Each structure stands twice: as structure tokens, then as C-alpha cells.
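Here is what each chain is made of, one letter per residue.
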Amino acid sequence: MRISARADYAVRAALLLAGAPEGGPLKAEAIAEAQEIPHKFLEGILNDMRRGGLVVSQRGASGGYRLARAAEDISVADVVRAVEGPLVSVRGVRPPELSYNGPAQALLPLWVALRANVRQILEGVSLADIASGELPDFVHSLAQDPAAWTNP
């Protein structure tokens, strides 16, 4: 599985918004500068997040973007879906919509299991969890396995 720059930037921008003083709006320029994200690219990401109901925008001198709901109520999966679509797809198709023949039939449950695990992790971690540095125990457990840190 590959996490795109778009998804990474979206989560990082959402985390800045989660930590904004009093939930106040942040300008896209400030987010882009703080996270070293190309400004024009970030604008597109923020628009996708706005259409996805994750952020709201406010015009004017004191305008900018803020989260549309509490950081506790927004999962990493919500952010990734807003900018990328489904969390796991195979050739652009969701696993339950696939079918295989012959020896490849066992691929379908493999792809479904992969999707279930990705969902478990990304849906189980909120922006507030990351912003507070208090990741759920199951994430710490997975990350503590030394094999998780190596590339085969």
C-alpha cells in the first residue's frame, strides 16, 4: 500500500487545524509554510476536504480554514478518503467488486483482509489522538515490532 503525498499533506494540514488556538481559522498560506506543502497543491487538498465535510472555509481578513467538527470525531481514514477516495482498491476497484478465476480465487479474501486491516488502523485513530501524541495501544503495539521498521 502506498500513501500518496496528497494524503500525507491532507493529514498534516488537518493536524495543524486540530491544534489551532480556540479552533480558529488558519490561512492556507500559513499551513503550507508550516508543513512545507506547495501552496497551490494544498489549496486543492483543502477544497477536497471542504467538499468532504471535514473543513469549513471563512472569507475575509480573519478568514481561513478550520475543522468542521471536533478533532476527536475525524479519523485519519476520513481525511484520506476525502482526498483519495477508497482506502484500498485494486486497479481502481473496491475488493468486493472483484472476481477471480482458477488459482487466483484466493486473492479476493486476501484483498478484503488487507482492506479490513487498513480500515481498522486508519478508522481507529483520530486527529485528536495524533495531535495529543496519545496513539491507541494497538498502534503502539504494531509499531513496537522491530520488523515493522525494516524494509524487506
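Asker: How should I be thinking about the overall build of the chain in this particular structure?
Answerer: Broken down by element type, the chain carries seven helices and two strands. In terms of its C-alpha atoms, the chain occupies a principal-axis envelope of roughly 60 × 30 × 25 Å. When burial is assessed residue by residue, the chain has 32% of its 152 residues classed as buried. Across the chain, contacts joining residues at least 24 apart in sequence account for 54% of those joining residues at least 6 apart. Approximately 9300 Å² of the chain is accessible, and the part contributed by carbon and sulfur atoms is 53%.

Asker: How should I be thinking about unusual backbone geometry in this particular structure?
Answerer: For residues that are not glycine, phi is negative in most cases, and the peptide bond is trans in most cases. In this structure, Glu-36 takes a positive phi of about 55° despite not being glycine. Position of Glu-36 among the secondary structure elements: in the loop between helix H2 (28–35) and helix H3 (39–51). In this model, Arg-91 sits at a positive phi of 55°, which is unusual for a non-glycine residue. Structurally, the position occupied by Arg-91 is in the loop between helix H4 (76–84) and helix H5 (107–123).

Asker: Even after reading the chapter, I still don't get the pattern of salt bridges, so can you show me in this structure?
Answerer: Note on pairing: side chains with opposite charge can pair once their charged atoms come close. Inspection of every chain in the model, using the stated rule, returns six salt bridges. A salt bridge links Asp-48 to Arg-51, with the nearest nitrogen and oxygen atoms 2.5 Å apart. Here Arg-51 and Asp-48 lie together in helix H3, a separation of three residues that amounts to about one turn. Given a relative accessible area of 17%, Asp-48 falls into the buried group. A relative accessible area of 59% means that Arg-51 is categorised as exposed. A salt bridge links Glu-123 to Arg-119; the nearest nitrogen and oxygen atoms lie 3.8 Å apart. In this pair, Glu-123 and Arg-119 are both assigned in helix H5, four residues apart and thus about one turn of the helix distant. Using a relative accessible area of 40% as the deciding quantity, one classes Glu-123 as partly exposed.

Asker: Explain H3 to me, please; I cannot follow it from the model alone.
Answerer: If you check H3, its first and last C-alpha atoms are 18 Å apart, about what 13 residues at 1.5 Å a residue would give, namely 18 Å. The set of residues buried in H3 consists of Leu-42, Ile-45, Leu-46, Asp-48 and Met-49. Looking straight down H3, one finds that the buried residues subtend no more than 155° of arc, so they occupy a single side. Turned more than 90 degrees off the buried face of H3, the exposed positions are Lys-40 and Arg-51. Downstream of H3 by one or two residues, Gly-53 has phi in the positive range, about 80°.

Asker: When you look at the packing of aromatic side chains in this model, what are you seeing that I'm missing?
Answerer: Working definition: an aromatic ring pair is given by the centre-to-centre distance plus the angle between the planes. Counting across every chain of the model gives one aromatic pair. Judged by centre distance (5.6 Å) and plane angle (80°), the ring pair of Tyr-9 and Phe-41 falls under edge-to-face. Here Tyr-9, found in helix H1 (residues 5–18), pairs with Phe-41, found in helix H3; they are 32 residues apart in sequence, far enough to count as distant. Given the relative accessible area of 17%, Tyr-9 is considered buried.

Asker: I keep staring at the nonpolar core and nothing clicks. Help me out?
Answerer: Generally speaking, soluble globular proteins have nonpolar side chains that are buried together. Of all hydrophobic cores here, the largest spans 34 residues; its most connected members are Leu-42, Met-49, Leu-67, Val-79, Leu-87 and Leu-127. Ranked by the residues each element gives to this core, the list is headed by H1, at seven residues. Ignoring anything within four residues of it in the chain, the contact list for Leu-67 reads Ala-14, Leu-17, Ala-18, Leu-54, Val-55, Val-56, Ile-74 and Leu-127.

Quick notes on the rules
Residues numbered from 1 in each chain as written. Predicted model: local features only at pLDDT ≥ 70, side-chain atom pairs only at ≥ 80, totals over all residues. Heavy atoms only, no water. Helix = DSSP H or I, 4+ residues; strand = E, 2+ residues; numbered from the N terminus. Buried < 20%, exposed > 50% of the residue type's maximum accessible area, 1.4 Å probe, protein only. Contact = heavy atoms within 4.5 Å. Areas by Shrake-Rupley, 256 points an atom, 1.4 Å probe, with all protein chains shown as cover. Salt bridge = Lys/Arg side-chain N within 4 Å of Asp/Glu carboxyl O. Expected span 1.5 Å × (residues − 1). Arc of directions from axis to C-beta. Phe/Tyr/Trp six-rings, centres within 6.5 Å; stacked < 30°, edge-to-face > 60°. Core = buried A, V, L, I, M, F, W, Y, C linked by side-chain atoms within 4.5 Å.

These values are about where atoms sit, not about what they do.
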